[in-house]
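If you want the building blocks of each chain, they are given just below.
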Amino acid sequence: MASAPLTVSVVSADQQVWSGEATMVVARTVEGEIGILAGHEPLLAILSSGEVRLTLADGSKVVAEAADGFLSVENDTITIVARKAALV
């Protein structure tokens, strides 16, 4: 059974790094690594430097490095805002 899509945006201070739909997002926060699937409770977390891993509906992966920012989850929409972010 396929997961419902998450709408994801990864932005840095000066550009949009990636935007689209994913079935899962894994990111490193100051409290540890977190995995997010559709239906996740609303959340605001401070990012720690590290990878943000996105799993797309076809099973492929998108990986970005992000540092100094936050991650917001609400209504299956994930926004990752970082001072520095880039696709790997």
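Residues numbered from 1 in each chain as written. Predicted model: local features only at pLDDT ≥ 70, side-chain atom pairs only at ≥ 80, totals over all residues. Heavy atoms only, no water.

Asks: Describe the pairing of strand E4 (residues 32-36), listing the residues and the values that go with them.
Replies: Across five bridges, the pairing between strand E3 (residues 24-29) and E4 is antiparallel. Bridged to arginine 28 within E4 is glutamate 33. Here E3 folds back onto E4, and the loop between the two strands holds two residues. (Pairing = 2+ DSSP bridges. Helix = DSSP H or I, 4+ residues; strand = E, 2+ residues; numbered from the N terminus.)

Asks: Describe the pattern of salt bridges, naming the residues involved and giving the relevant values.
Replies: All told, the structure shown has three salt bridges when counted by the stated rule. Here glutamate 33 makes a salt bridge to arginine 53, at a shortest N to O gap of 3.3 Å. One end of the pair, glutamate 33, is in strand E4; the other, arginine 53, is in strand E5 (residues 43-55), with 20 residues separating them in the sequence. For aspartate 68, the salt bridge identified is with arginine 83, shortest N-O distance 2.5 Å. Residue aspartate 68 is found in strand E6 (residues 61-74), and its partner arginine 83 is found in strand E7 (residues 77-87); the two are separated by 15 residues along the sequence. Overall, aspartate 68 belongs to the partly exposed group, its relative accessible area being 43%. (Salt bridge = Lys/Arg side-chain N within 4 Å of Asp/Glu carboxyl O. Buried < 20%, exposed > 50% of the residue type's maximum accessible area, 1.4 Å probe, protein only.)

Asks: With reference to specific residues and values, describe the environment of aspartate 58.
Replies: Residue placement: aspartate 58 occurs in the loop between E5 and E6. Among the polar contacts listed, one links the side chain of aspartate 58 to the side chain of serine 60, at a separation of 2.6 Å. (Polar contact = N/O pair within 3.5 Å; in protein donor to acceptor, adjacent residues only side chain to side chain.)

Asks: Pulling in residues and values, what's your account of the pairing of E6?
Replies: Of the strand pairs in this sheet, E5 and E6 are connected by ten bridges, and their pairing is antiparallel. Paired with isoleucine 46 across the two strands is phenylalanine 70, which belongs to E6. If you look at the hairpin formed by E5 and E6, you'll find five residues sitting between the two strands, and glycine 59 has a positive phi there, around 90°.

Asks: How would you explain the environment of glutamine 16 if you had to name every residue and give the values?
Replies: Take glutamine 16: it is sitting in strand E2 (residues 16-22). Judged by relative accessible area, which is 52%, glutamine 16 ranks as exposed. Once residues lying within four places of it in the same chain are set aside, the contact partners of glutamine 16 are Val10 and Val11. Reaching out from glutamine 16, the side chain makes a polar contact with the side chain of serine 19 at a distance of 3.4 Å. (Contact = heavy atoms within 4.5 Å.)

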